[in-house]
Amino acid sequence: MPCRHNVLLKCLSWNGEQSWIACGGGNGLLKVLKLEAPSKDKQASKPSGSNLLSMNQTLEGHKNQVMVVTWNEGYKKLTTSDHNGLIIVWMLHKGMWFEEMINNRNRSVLKAMRWTPDGQKICIVYEDGAVIVGSVDGNRLWGKEMETGLTNVEWSPDASYILSVSYTHLTLPT
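Below is a summary of the structure that appears in this document. (Residues numbered from 1 in each chain as written. Predicted model: local features only at pLDDT ≥ 70, side-chain atom pairs only at ≥ 80, totals over all residues. Heavy atoms only, no water.)

Another aspect to go through is the sheet that holds strand 9 (residues 110-115). Strand order in the open sheet formed by 4 strands is 9-10-11-12, with antiparallel pairing between adjacent strands. Two strands bound the open sheet, and with one partner strand each, they are strand 9 and strand 12 (140-145). Strand-to-strand, the axes of this sheet are offset by a mean angle of 15 degrees, without reference to chain direction. Pairing between strand 11 (residues 130-135) and strand 12: 5 bridges, direction antiparallel. Looking at strand 12, one finds that I132 is bridged to G143. (Pairing = 2+ DSSP bridges. Helix = DSSP H or I, 4+ residues; strand = E, 2+ residues; numbered from the N terminus. Axes fitted to C-alpha atoms, helices over the stretch in contact; angles between N-to-C directions.)

Set out below in structure tokens:
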């Protein structure tokens, strides 16, 4: 999906709880947009269902193509990763997004990240089969090397199981 200045968008994520949108793409492009519902007095002049863009911030930090963006709604954080495996956790402070934590495994392309529903833990899967679970404060809780490359990950609703998808089959890590 091309956008301004011929940069291709690679990923998109919606934070439904706070109405944030994050999108990432080539050349380290990372944008965060905030949508606001129109006030009642402005609703008469706006078409039904339209929103107002109240923030459009470009986040600086990635130099390579941004591959994955995911929200931690409970803790109001955004987690992003680029093609070289650089992971940045962003936090909202006084109306602007800032880097809170940076991690660079620098060995493989990150394929997917997902926060638990309560926002306490994140599962990160890499193309080379590495699976890492970390806490919201940045501590590594668990890790495993899978024999095959993984493409996606999801937590069970109670965060007691991790479901991961590989190139060839579905696996449930024990």
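Read on for the rest.
In this structure, N27 takes a positive phi of about 55 degrees despite not being glycine. Residue classification places N27 among the exposed positions, given a relative accessible area of 67%. A positive phi is found at K76, a non-glycine position, where the angle reads about 55 degrees. Along the polypeptide, K76 turns up in the loop between strand 5 (66-72) and strand 6 (77-82). K76 gets classed as partly exposed once you look at its relative accessible area, which sits at 47%. (Buried < 20%, exposed > 50% of the residue type's maximum accessible area, 1.4 Å probe, protein only.)

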